Amino acid sequence: MRNGHLSLLPGVLTQLLLPLGAAAQKTSDCARWCPLNSRCVNATACRCSPGFTSSSGDIFTNRLENCDDIDECRPPLAVSCGKFADCQNTEGSFYCECSPGYQLASGAKAFRNESENTCQDVDECSFRPPVCHNSTVCINTVGSYRCCCRRGWELKPGFQNKQTDTTCQEMSFPAWTEPPGIKSQGLSHFFETVQVLRRDFKPALAQDTIKELIRGVDELLQTPQDLEALPRSEQHRVATNLLAGLEDVLRNISQSLPSGTLTFSAFAGIDLSLKVQEQGDRNVTLSLNQAKMLLSLDEVHGSSDSGPSVVGLVSTPGLGKLLAKAPLVLDPKQQALLRERKEWLGEVSPVLLSDVVSAFVSNKDTQNLSFPVTFIFSHRSVTPGPTQKAFCVFWEHSQDGGGHWSTTGCEMVVTRDASTTCQCSHLSSFAVLMAHGHVQKEDPVLVVITYVGLGLSLLCLLLAALTFLLCKAIQNTSTSLHLQLSICLFLAHLLFLTAIDQTKIKLLCAIIAGALHYLYLASFTWMLLEGLHLFLTARNLMVVNYSSVSRFMKRLMFPVGYGVPALIVAISAASRPSLYGSPTSCWLHPAKMFIWSFLGPVCVIISVNLVLFFMTLWILQSKLSSLNNDVSTLQNTRMLTFKATAQLLILGCTWCLGVLQVGPAARVMAYLFTIINSLQGAFIFLVYCLLSRQVREQYGKWFRGVRKAKAEPENYTLSSRAVSDASTPNTEMFSPPVSQGKSEPSR
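Novice: Can you help me understand the packing of helix H7 (residues 444-470) against helix H13 (residues 666-678) in this one?
Specialist: Two measures define how a pair of helices packs: the angle their axes make with one another and the distance between the axes. For the pair H7 and H13, interaxial distance at closest approach is 8 Å and the crossing angle is 20°. Relative to H13, H7 is oriented roughly parallel. Regarding H7 and H13, the two cross each other, and that crossing is right-handed. Between H7, through Val445, Leu446, Ile449, Thr450, Gly453, Leu454 and Ser457, and H13, the contact on the second element is made entirely by Ala670, Tyr671, Thr674, Ile675, Asn677 and Ser678.

Shown next as structure tokens:
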């Protein structure tokens, strides 16, 4: 038996080894080079595991390729986890989790897709320990939270409000100091009271502090003592300090008040209305005795802001004494509107119709509101006259601590006898002003006279200048003066006609006004030199040699004629550059007496010429009385008298008519002024050219030469002779009468 069993052993071993051989054959068919995160497909290919891929796809045959993680949270797959959730990629997989500030309703940390999303807001303010500093109140928001200062507390320096790390400190009385350089016992006493209130301030007693502060301001304005004796600029600085300081203090310490409305009226008239509210109606109306304000807290405080909202309105009628005669500055739109209507504000200071009312909220940034704040002012009954206009204004602070009234951002909705409604796009200190204005009504007849007269004058001045320049027979010191005067008047009249109304570009208008200022001053300066030369000529009538007079005038006339006007314009432009150009014309602005930078020198020149005129007449009268029957000398003396009178009439006295345009005779004076001055160039051409025998003779020679040149174009002898005759000296005009008297009998 044993041998029989042994004989069966090889067969059994063969059956046992057959499966092992098959397995060995399969193993030898699988690729052994498949990289990490993959498995073999056969002897030549591998497949990436789920969540991984190669550059060739899931199956690859290249031994150099790897299986890289698939980011299911990014395109093109971009798994959607739903609202308030984020996709998080892992190696070979992904999961969804709620965004910060949210959690799953089940409390789980992760889920797979949008259908499993149950993310909801987490109330961080319920956490223990608290997430906010103990000086703040936690405000839960959707997906987050904010930390806001407690009531009666303010931000600690270096922190921001409504942040997760906000830290606050107990509310303090803000610093309020006296304006520097102001010497006033009443003001010093007031600020001593302010410092006491600041030192003793406690948030729990904020209401009492506010009342004491209002009483202090009221007493200061009720008995201003030496404040009214201060210069206007210092009074404006005091008013600016009081308005800004009171507004800042009330804004800060009122945040310590409980919710509700606080009203308080002081003895001398200061009126306060204050409202503090947490939630509720966002449209707020505050009323005082003489004013009412309507605003939306969503505009000035922000609908998403938390914490108490503070809105205040305070009326300070006593400040009107300190703000008297403060300047008014219109915004560009109103200036353009007045310019279109040919109107401008007068030099009379505007008058306050209403009390000065300051509006403030807990938020300091109240500029450029999308919806305006409405103010309704009650004031004394007044009906604006034809030259008066009411404005809604606010007090705009300047860098030097003063300020001025401005209309920027404010417009008047409606005005009645005793009330005015205004709308402003910002908060500040407001009032209603009555300003005096002027309306420029153009007389069409005067306009026609001006254009026709100046056009004729331009032609005559051009002819006169060419005559003085080309007529060799009359060229001397006198004609040099006439030439410069004609050039200045020609340029001034030409610029006046073409550019006086170019007011759209402010810089260009200022340049035109400066040029007109200079040219007309230069014209009057040359008129002064004309008068001086005429006087010196008359004084030396018996002197044959005029060389001393000529040398004196040649050295003097150009530096004086062009230098003195340039100096006056330079000083004027340096002191008041903004007053070159007005809303209605490119000329000197009437404000601040700036027009006297032109009228002053003109009046001086006219006065000097009057003196020279009468002295010249006296000399000529003496000369006439000493003559016997010398006709030639008599004619020359009378010609000098006539020219002296004509020169003063044409170039001096006519401008006096412009100053005399007042009262019942204003219209007559306006017509005389326009007619005579618009024909100024024509009179110059008449007196100095057409009435001059030498010039007429020269004109005759020119005309004869032109006719002969046309008749005989081939003959140039006559024209040459005419030019030769033109160059022959002739000293009739302002020449010594003695020499002409000697030649007269020979005729």
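Novice: How do you make sense of helix H9 (residues 506-539) when you look at a structure like this?
Specialist: For the α-helix, the turn length of 3.6 residues means that residues three or four positions removed from each other point alike. If you check H9, its first and last C-alpha atoms are 49 Å apart, about what 34 residues at 1.5 Å a residue would give, namely 50 Å. Of all 34 residues in H9, 24 are buried; the element is thus mostly enclosed.

Novice: Mind showing me how you'd approach the nonpolar core here?
Specialist: Soluble globular proteins tend to bury their nonpolar side chains together. Judged by nonpolar contacts, the single largest core of 53 residues is most densely connected at Trp176, Ile210, Ile214, Leu242, Leu319 and Trp405. Where this core is concerned, the elements lending two or more residues are helix H2 (185-199), helix H3 (206-222), helix H4 (232-253), strand E14 (260-265), strand E15 (271-277), strand E18 (309-315), strand E24 (388-397) and strand E28 (429-439). Tallying contributions element by element places H4 first for this core, with eight residues. Counting residues in hydrophobic clusters, the runner-up holds 32 residues, among them Phe535, Met553, Leu620 and Val687.

Novice: Could you clarify how one ought to interpret the side chain of Asn117 in this entry?
Specialist: Here Asn117 lies in the loop between strand E8 (102-104) and strand E9 (119-121). Within the local environment of Asn117, its side chain forms a polar contact with the backbone nitrogen of Cys119, the two atoms lying 2.8 Å apart. Sequence-distant contacts of Asn117, that is, excluding residues within four places in its chain, are made with Cys81, Gly82, Lys83, Ala85 and Phe111.

Novice: Can you help me understand the pattern of salt bridges in this one?
Specialist: Two side chains carrying opposite charge are able to pair once their charged atoms lie near each other. Tallied over the entire structure, the rule returns six salt bridges. With a closest N to O distance of 3.7 Å, Arg251 and Asp248 form a salt bridge. Here Arg251 pairs with Asp248, and both are found in helix H4, just three residues apart, close to one helical turn. According to the relative accessible area criterion, Arg251 is buried, its value standing at 8%.

Novice: Teacher, can you tell me more about the state of the cysteines here?
Specialist: Covalent bonding between the sulfur atoms of two cysteines is what defines a disulfide. Applying the stated criterion across every chain, the model contains twelve disulfides. Across a sulfur-sulfur distance of 2.1 Å, Cys98 and Cys119 are joined as a disulfide pair. Handedness of the Cys98-Cys119 disulfide follows from its S-S torsion of about -90°: it is left-handed. One end of the pair, Cys98, is in strand E7 (residues 93-98); the other, Cys119, is in strand E9, with 21 residues separating them in the sequence. With relative accessibility at 12%, the residue Cys119 sits in the buried group. What pairs with Cys149 in a disulfide is Cys168, and their sulfur atoms sit 1.9 Å apart. Judged by the sign of its S-S torsion, about -85°, the bond between Cys149 and Cys168 is left-handed. Taken together, the residues Cys149 in strand E11 (residues 144-149) and Cys168 in strand E13 (residues 168-170) connect sequence positions 19 residues apart.

Novice: Just checking my understanding: could you explain the pairing of E24 for this structure?
Specialist: As paired elements, E24 and strand E25 (residues 403-406) share four bridges and run antiparallel to each other. Within E25, the residue paired with His397 across the bridge is Gly403. Counting the residues that bridge the hairpin from E24 to E25 gives five residues, and of these Gly401 lies at a positive phi of roughly 95°.

Novice: Help me out: how do you make sense of the environment of Pro565 in this one?
Specialist: Within the secondary structure layout, Pro565 lies in helix H10 (residues 547-575). When the C-alpha positions of Pro565 and Ser523 are compared, they lie 9.1 Å apart, and in sequence the two are 42 residues distant.

Novice: Explanation requested: a nonpolar patch on the surface in the structure shown.
Specialist: A cluster of nonpolar side chains, contributed by Leu462, Leu466, Leu469 and Leu470, occupies part of the molecular surface with about 350 Å² of accessible area. For Leu466, the position within the fold is in helix H7. Using a relative accessible area of 39% as the deciding quantity, one classes Leu466 as partly exposed.

Novice: Looking at this structure, I do not really get the sheet that holds strand E16 (residues 283-287). What am I missing?
Specialist: Strand pairing in a sheet is mediated by backbone hydrogen bonds. Such pairs are either parallel or antiparallel. Pairing within the open sheet is antiparallel, and its five strands lie in the order E16-E17-E23-E27-E26. At either margin of the open sheet sits one strand with a lone partner, and together these are E16 and strand E26 (410-415). The sheet shows a mean angle of 15° between the axes of neighbouring strands, direction not considered.

Novice: I'm lost on the environment of Ser582 in this one. Help?
Specialist: Mapped onto the elements of the fold, Ser582 is located in the loop between H10 and helix H11 (596-626). A residue is classified by how much of its surface remains accessible, and Ser582, at 10% relative accessible area, is buried. Distance from Ser582 to Gln335, taken between C-alpha atoms, is 9.8 Å for residues 247 residues apart in sequence. Residues contacting Ser582, with those up to four places away along its chain left out, are Thr503, Trp587, His589 and Pro590.

Novice: Any chance you could explain the confidence of the model for the protein chain here in plain terms?
Specialist: Detail in the predicted coordinates should be disregarded across regions flagged by low pLDDT. Residue-level pLDDT values for the protein chain average 79, and 79% of them are 70 or greater. Here residues 1-27 scores under 50 on pLDDT; set against residues more than four positions off or in separate chains, the count is one contact. Residue range residues 714-747 is modelled with pLDDT below 50. Its contacts to residues more than four positions away, or to other chains, number 51 contacts.

Novice: Looking at this model, I keep getting lost on the sheet that holds strand E1 (residues 38-40). Mind explaining?
Specialist: The three strands lie next to each other as E1-E2-E4, forming an open sheet whose pairing is antiparallel. Two strands bound the open sheet, and with one partner strand each, they are E1 and strand E4 (59-60). The pairing of strand E2 (residues 46-48) with E4 spans two bridges and is classified as antiparallel. Residue pairing across strands places Cys46 opposite Phe60, the latter belonging to E4.

Novice: Sorry if this is basic, but what is going on with the pairing of E25 here?
Specialist: Look at any regular strand and the pattern is simple: side chains alternate between the two faces of the sheet. The alternating pattern of E25 places Gly403 and Trp405 on one face and His404 and Ser406 on the opposite face, and all of these are buried. Alignment of strand E19 (residues 328-329) against E25, held across two bridges, turns out to be parallel. In the strand pairing of E25, Leu328 is matched with Trp405.

Novice: How do you make sense of helix H14 (residues 680-690) when you look at a structure like this?
Specialist: For H14, the buried fraction is high: eight of the eleven residues fall into the buried class. Buried within H14 are the following residues: Gln680, Gly681, Ala682, Ile684, Phe685, Val687, Tyr688 and Cys689.

What counts and how
Residues numbered from 1 in each chain as written. Predicted model: local features only at pLDDT ≥ 70, side-chain atom pairs only at ≥ 80, totals over all residues. Heavy atoms only, no water. Axes fitted to C-alpha atoms, helices over the stretch in contact; angles between N-to-C directions. Helix = DSSP H or I, 4+ residues; strand = E, 2+ residues; numbered from the N terminus. Parallel < 35°, antiparallel > 145°, perpendicular 65-115°, else oblique. Left-handed = near helix turned anticlockwise from the far one by under 90°. Contact = heavy atoms within 4.5 Å. Expected span 1.5 Å × (residues − 1). Buried < 20%, exposed > 50% of the residue type's maximum accessible area, 1.4 Å probe, protein only. Core = buried A, V, L, I, M, F, W, Y, C linked by side-chain atoms within 4.5 Å. Polar contact = N/O pair within 3.5 Å; in protein donor to acceptor, adjacent residues only side chain to side chain. Salt bridge = Lys/Arg side-chain N within 4 Å of Asp/Glu carboxyl O. Disulfide = S-S within 2.5 Å. Pairing = 2+ DSSP bridges. Patch = residues over 30% accessible without salt bridge, like charges linked within 9 Å, V, L, I, M, F, W, Y side chains within 5 Å. Areas by Shrake-Rupley, 256 points an atom, 1.4 Å probe, with all protein chains shown as cover. pLDDT = per-residue confidence, 0-100.

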